[in-house]
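Residue-level structural notes
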2 protein chains.
Amino acid sequence: MSDPVSGPVDPARLQDVLDGPWADVRTAHRKHLDARFLPVYGESGDQARERISRLLTELPVESGIASAFPTRYGGRSDAGGSIVACEMLAQVDLSLMVKAGVQWGLFGGAVHALGTERHHDAYLRDIISGDLLGCFAMTETGHGSDVQQLQTTCVYDPRTQTFDLHTPHEAARKDYIGNAARDGRMAVVFAQLVTEGRRHGVHAWLVPIRDARGAPLPGVTISDAGPKAGLLGVDNGRLSFDHVRIPRDMLLDRYGQVAEDGRYSSPISNDARRFFSMLGTLVRGRVSVGGAASAATQSALTIAVRYGDIRRQFSAPDADREVLINDYLAHQRKLLPALATTYALHFAQAELVAALSDAQRDDSPVDEHRQRELESRAAGLKAAQTWHATRTIQMCREACGGAGYLAENRLPGLKADTDVFTTFEGDNTVLLQLVAKGLLTGYRDEFGSLDGWGRASFVADQVREMVLERTAARSVIQRLVGAVPGRDEEVAVTHRGWQVKVFEDREKHLLDGAIRRLRRGAADKKDRPFDIFNDVQDHVLAVAAAHIDRVTLEAFVAGIENTADPAVRALLSRVCDLYALSVIETHKGWFLEHGRLTPARSKAITAVVNGLLKELRPHMRTLVDGFAIPDEWLHCAMLREEPGRQQAMAARVGDQVDAASGAA
Amino acid sequence: MSDPVSGPVDPARLQDVLDGPWADVRTAHRKHLDARFLPVYGESGDQARERISRLLTELPVESGIASAFPTRYGGRSDAGGSIVACEMLAQVDLSLMVKAGVQWGLFGGAVHALGTERHHDAYLRDIISGDLLGCFAMTETGHGSDVQQLQTTCVYDPRTQTFDLHTPHEAARKDYIGNAARDGRMAVVFAQLVTEGRRHGVHAWLVPIRDARGAPLPGVTISDAGPKAGLLGVDNGRLSFDHVRIPRDMLLDRYGQVAEDGRYSSPISNDARRFFSMLGTLVRGRVSVGGAASAATQSALTIAVRYGDIRRQFSAPDADREVLINDYLAHQRKLLPALATTYALHFAQAELVAALSDAQRDDSPVDEHRQRELESRAAGLKAAQTWHATRTIQMCREACGGAGYLAENRLPGLKADTDVFTTFEGDNTVLLQLVAKGLLTGYRDEFGSLDGWGRASFVADQVREMVLERTAARSVIQRLVGAVPGRDEEVAVTHRGWQVKVFEDREKHLLDGAIRRLRRGAADKKDRPFDIFNDVQDHVLAVAAAHIDRVTLEAFVAGIENTADPAVRALLSRVCDLYALSVIETHKGWFLEHGRLTPARSKAITAVVNGLLKELRPHMRTLVDGFAIPDEWLHCAMLREEPGRQQAMAARVGDQVDAASGAA
């Protein structure tokens, strides 16, 4: 279907496409964030924290990291810009990105989204300027994924018109809280609200935790979470509260209010539904983490691809120099499909950021279905991007051999810092479950709970008739799929419509099967409701994964459709072939099991993938240059030494020995 | 085929089987290596190096880490014991293991294997006692995998009867050298030997690099490789030599001698063959690294399984407590197949260690075919074990959520420290190629070069008629395969003979196909010899992987066959089913493509795997307890807090809220 790629492509034109609508935010970062903001290798935890704290307040205004806040408090009312800023910061220093994400995304974002005007007036300016540093205290030692079950309590006492915030036992302490161990002066604390002797579910309070000199306030116990695998510059800590008195107006009361006399009121009557509406407003964090993971993946791939273009190993029989490792098929098999997936995810992320930005810009009433679909997509893409980051950065480390293990070559930091991304802002497996639940119920169940288990039989009863929803570029996709001629077997595997059809078909069939199994389970296992869902958990997770793959491919297809430059379009189209066929190849077992591929066609796909690797080999460097990461930001010793080492590695041992022999 | 597992199995009886013939070495470690030897979390690089250097010389004699050396110098002539000691040290501290491996395995091992009596008499006692610390200086910045192409030169000058050791350019400096940056006083340096104006390939010299006070000797430049992803306690450095004079008798001359007048002689006339014979004597290091990776994997799995048995998340509709995460199918899908593979690899490693020990104990002439097969198996199992470690430790980190990211819970250290194991002692991809080459040529080519490329056309001409060699327990395997009744489709997928047959069949078919493609390539691509091999590199690597899978399964089967205890046997048999069927499930695409599985049977395997997970769930804890890692060695905060936290996590939020409401 796609034109062949003829000759080299200008990376700058590729960059134009990738930079997308927030190109100005990206350009400002590349211009204003200099070497001062880059990681320092080998520093101690204390040094890293001191440095990152300092840099946090030195971030140039141009960075736009706080741009999601309303203009009247000093923001730009631009949620998309703040996410793109996170992506850019992730290529500079991941500790700095996470610290900034805690301050302006989680802490500031919660005050903005869950608080009301008096909170905004009192705090947003200082939060935006960094004069007031804060924490987001949701997770507890005993409850991370199941946040509805948090055990911290906050009980209203009408006599004093205060809340009593309390940590009943060690498992209820707030844990892994960024900004808590060192810098946070306030925290948004999530706890079970109790008033008039009744509980109303989880709410959030703005709680001072340190005095002006940094000492913990009375009743607040702060401890350090201690050394971590990475993100050394982020001061994660633990918070416990011993009957701390909180003034009534520190309840962030957009979704639930407590009157002076203790009467509770809320625009949303159901506790759980209210809670998930509150969580929904915080979706930006998840999108930022997914985008940051992809940005770090781009850094790692840029390093590995550039190294593979200077590193030589083993002589070729038909060349007078050793072979560049990028010329080996096995090396291409590692780097190129990962690079293609990174491209696909970039387009999916860009589409999500645009959709989120639209949704948050709108003052029109929230379309609940659309909101849930957006949350589901954010959850799914966060999981896909962070797992892809973990796998790909690891692969890049290995692809660079011993050099990849040295801190000076950046990869160890990228790996260690991003490692927790699969866990924070929602454990990936739990997020996939959320995605699956949305698909199974058509986003129609009463709330988007993360909990796929407690009401398993309820869900099993609810599961809808399967109707596949196309998320992106509906008409384009429809046209492509409609254009698939005749019988599948006769269509080239590079036919885009066929590829999309295959992805859709896998999702449909998996979803259909899961629904059937759940219904059967609900009938057969009435006495073992846990087993209804648990026995098909692997199947349900596969539905979610297939859905994310399809959404990603459609976004890539739409992105190509919107690309005007014919050379860039041709190259992207080849990359898209590689992405689509790699995914099909990975799941060929499923396609063969279900008669979706014949054995011959399945083998043909492997041959076509290998052909694409050969075709894309000359463009590997272009594809990473398109990410436009400044050389300085790569912060990688072995790439700086390029010219000298390249020459030396090209020298053949014979020359050295001849020289030495002559000298002897 | 196998009996069902009825009731709990005593972990101590499982341990007896796993501890195997060197149980005494394992017991001595568990007894003598106390908390003093465990990692210190959060220390700086300098602190770690200081501590590990000190501990190295405090290792108790009982540890047997130096037991491979001859009895008359203070060793025990027990190569197997020294490998098992590495495995045990890997569960204590990986920096300590690697530092010890450099000192006694690589440095001492090279002096022992490549030197002759005068070197042994002069140095082995001090090496064994740790009074003489040394390095193994093989890898160069420009050449790691292709060690035949090292560019350091060592030129003999008969006038002074010395060698001139020289680093001609930066890419030829020795790099990543353990013990070099801080502690090494001597180094075994590999360089191109030149005498009488002729080169004779790579040889090794024993070279003093520091004086008694630790200062570099004249002409020797030592620098620090700097911070690394892990192994902070190991002082990796870089060495350069500026025309350093080496006395003639410092050539480790077992395989090549230079007379006073400069005449070169060797028992092996071919340079490359001699070099690979030299390398072959160092195979122990590779086996130690593979074993250490598996040992660390056991630590990680023990932590994740035990955590999953106390960590609860989400309520079940039919229970009054939240669900243990080990009860979720998705969690079992992560942990149990990895655990089964760890068991399989344990038996494969044990068999290899026994075979190596036999081979090195023997004073009879070396059987070259057997030696190559052993080297190939060491290479393949090193790759399999280290990749499995990287994947599994990462999975365990994620399975423990945020807790898995904290240093105090051990997993970050296990991940970071083992990460380079896929690279050092041979890059895994290069090692798989070595395995494939052995299979393609029946270990009959003139030398076991790592280089599958330079002589690709030669190899393509040579490839043998495919005859599958069974490595282990030939008769047992033959009997099992012979017992497969009738047509495949009618045999239960848990029939052991069928499983083995399927593994063998995959290897045979892949090998056969690779041979055909190479022969065709050799005919078609005479003008592009590089492409002959490169175009089938993925296929060739798949041959190696299938071979290692088969060798591993056969070792597991033989291990079960040798187990007398019926309860342990029954449990291991189920674990073996899970291993075998997980591998088949992973490669179901291939089996379906090649008509080895019908779609129905392929789906049935997934159902059987899920059934095995259910059956093995009650034995998860037993299976990790069988590894018998002392609690103290796990060095994991969240497991120490077990009782208190378990109680707290079991508390339902309702109780807390009720209590709080009452108080208000």
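Refer to the structure above for everything that follows.
For the structure given in this document, a descriptive report is provided here. Predicted model, so just to flag it, every value in this text is computed and none were measured.

This part covers the packing of helix α10 (residues 368–399) of chain B against helix α17 (residues 537–561) of chain B. All names here are of chain B. Between α10 and α17, the shortest axis-to-axis distance is 10 Å and the interhelical angle comes to 90°. Comparing their axes, α17 and α10 come out roughly perpendicular. Every residue of α17 that contacts α10 at R377, G380, L381 and A384 is listed here: I548, V551 and T552.

Another aspect to go through is the sheet that holds strand β7 (residues 220–224) of chain A. Residues and elements named next belong to chain A. Pairing within the open sheet is antiparallel, and its three strands lie in the order β4-β8-β7. Of all strands in the sheet, those bounded by a partner on one side alone are β4 (174–177) and β7. Averaged over neighbouring strand pairs, the angle between their axes works out to 20° when direction is ignored.

You will see that A628 of chain A, though not glycine, has its phi angle at about 60°, which is positive. Structurally, A628 of chain A can be placed in the loop between α21 (620–625) and α22 (631–634). Exposure remark for A628 of chain A: the relative accessible area of 14% places this residue in the buried category. With a phi angle near 55°, H635 of chain B is a residue other than glycine that sits in the positive phi range.

Time to look at the state of the cysteines. A covalent bond between the sulfur atoms of two cysteines is what we call a disulfide. All told, the structure shown has zero disulfides over all chains when counted by the stated rule. Between C154 of chain B, a cysteine without a disulfide, and C135 of chain B, which holds the nearest cysteine sulfur, the sulfur-to-sulfur distance is 16 Å.

A separate point is the packing of helix α10 (residues 368–399) of chain A against helix α12 (residues 428–441) of chain A. Residue and element names in this part refer to chain A. At a closest axis distance of 8 Å, the pairing of α10 and α12 adopts a crossing angle of 145°. Where α10 crosses over α12, the handedness of that crossing is left-handed. Judged by residue contacts, S376, A379, G380, K382, A383, T386 and W387 of α10 engage N428, T429, L431, L432, L434 and V435 from α12. Among the residues making up the contact of α10 with α12, the classes are represented as seven nonpolar, five polar and one charged.

Now for the side chain of K588 of chain B. Along the polypeptide, K588 of chain B turns up in helix α19 (residues 588–593). Reaching out from K588 of chain B, the side chain makes a polar contact with the side chain of E593 of chain A at a distance of 3.3 Å.

Residues and elements named next belong to chain B. Spatially, β4-β8-β7 is the arrangement adopted by the three strands of the open sheet, whose pairing is antiparallel. Of all strands in the sheet, those with a lone pairing partner are β4 (174–177) and β7 (220–224), marking the two edges. Across the sheet, the mean angle separating the axes of adjacent strands is 20° when strand polarity is ignored. Sheet analysis places β4 next to strand β8 (residues 237–241), joined by two bridges and oriented antiparallel. Paired with K174 across the two strands is L239, which belongs to β8.

At the interface, 105 residues of chain A touch 106 residues of chain B. Summing both partners gives a buried area of about 8600 Å² for chain A against chain B, and 58% of it is carried by carbon and sulfur. One can count 10 salt bridges joining chain A with chain B. The partner of D419 of chain B in a salt bridge is R397 of chain A, and the shortest N-O contact between them spans 3.6 Å. At the boundary of chain A and chain B, one finds 48 residue pairs in polar contact (both at pLDDT 80 or more).

With that settled, the discussion passes to the relation of the copies chain A and chain B. In screw terms, the move from chain A to chain B is a rotation of 180° and a rise of 0.0 Å along the axis, fitting with an RMSD of 0.0 Å. What the superposition gives is, in effect, a two-fold axis relating one chain to the other. The rotation axis passes nearest to the C-alpha of G589 of chain A in chain A, at a distance of 1.8 Å. When the interface residues of chain A are mapped onto chain B, 100% of them are again interface residues, pointing to one common binding face.

Quick look at the packing of aromatic side chains now. Residues and elements named next belong to chain A. Taken as a whole and judged by the stated rule, the model has 20 aromatic pairs over all chains. For the ring pair F163 and W205, a centre distance of 5.3 Å and an interplane angle of 70° mean the geometry is edge-to-face. Residue F163 is found in strand β3 (residues 162–166), and its partner W205 is found in strand β6 (residues 198–208); the two are separated by 42 residues along the sequence. Consider the rings of Y343 and F627, whose centres lie 5.3 Å apart with planes at 35°: the pair is tilted. Placement of the pair is Y343 in helix α9 (residues 329–361) and F627 in the loop between α21 and α22, with a sequence separation of 284 residues. Note that R601 overlies the ring of W498, its terminal NZ or CZ placed 4.3 Å from the centroid.

Maximum bend of helix α5 (residues 94–114) of chain A: about 35°, positioned at G101 of chain A. One side-chain oxygen of the residue at the start of α5 of chain A lies 2.7 Å from the amide nitrogen of S95 of chain A, identifying that residue as D93 of chain A.

Moving on to the pattern of salt bridges. Summed over all chains, the structure comprises 90 salt bridges over all chains. Here D577 of chain B makes a salt bridge to R496 of chain B, at a shortest N to O gap of 2.7 Å. Of this pair, D577 of chain B sits in helix α18 (residues 566–586) while R496 of chain B sits in helix α15 (residues 496–524), and the two are 81 residues apart along the sequence. Considered together, D577 of chain B and R496 of chain B belong to a single accessibility category, that of buried residues. When salt bridges with common partners are traced through the structure, they connect D34, R36, E50, R54 and E58 of chain A into a single cluster.

The rules behind the values
Along each chain, residues carry numbers from 1 onward, in the same order as the chain's sequence is written. Just so you know, chain letters begin at A and ligand numbers begin at 1, following the order they were written in. Where totals are concerned, whole chains, interfaces and linings use all residues; where local detail is concerned, this predicted model gives features only for residues with pLDDT of at least 70, and gives and counts side-chain atom pairs only at 80 or more. Only hydrogens and water are set aside when side-chain values are computed; all heavy atoms of the structure are taken into account. Angles here are taken between N-to-C directions and fall from 0 to 180 degrees, while the axes themselves are lines fitted to C-alpha atoms, restricted in helices to the stretch in contact. Every helix listed is a DSSP run of H or I at least four residues long, and every strand listed is a run of E at least two residues long, numbered separately from the N terminus. Each angle receives one of four descriptions, namely roughly parallel if under 35 degrees, roughly antiparallel if over 145, roughly perpendicular if within 65 to 115, and oblique otherwise. Residue contacts follow a heavy-atom distance rule, with two residues in contact if any of their heavy atoms lie within 4.5 Å. A pair of strands is labelled paired if DSSP reports no fewer than 2 bridges between them. Only protein chains enter the accessibility calculation, which uses a 1.4 Å probe; a residue is then buried when its area is under 20% of its type maximum, exposed when over 50%, and partly exposed in between. In this description, the term disulfide denotes a pair of cysteine sulfurs within 2.5 Å. What makes a crossing left-handed is the near helix being turned counterclockwise from the far one by less than a right angle; a clockwise turn instead makes it right-handed. Note that Gly is not counted as nonpolar here; it falls among the polar residues with everything else outside the nonpolar set of Ala, Val, Leu, Ile, Met, Phe, Trp, Tyr, Cys and Pro and the charged set of Asp, Glu, Lys and Arg. Polar contacts, as used here, are pairs of N or O atoms within 3.5 Å; protein pairs need one atom able to donate a hydrogen and one able to accept it. Residues neighboring in sequence count only if both atoms are side-chain atoms. Throughout, the accessible surface (probe 1.4 Å) given up by two parts as they are put together, summed over both, is called the buried area. In the sections that follow, a salt bridge refers to a side-chain nitrogen of Lys or Arg positioned within 4 Å of a carboxyl oxygen of Asp or Glu. Alignment of the copies relies on least squares applied to C-alpha atoms, considering only residues that score at least 70 for pLDDT in both. Any two rings among Phe, Tyr and Trp, with Trp reduced to its six-membered ring, count as a pair given centres within 6.5 Å; such a pair is stacked if its planes are under 30 degrees apart, edge-to-face if over 60, and tilted if neither. For a Lys NZ or an Arg CZ to count as sitting over a ring, it must be within 6 Å of the ring centre and within 35 degrees of the ring normal. Note on bend: the value at a residue is the angle between axes fitted to the seven residues ending there and to the seven starting there.

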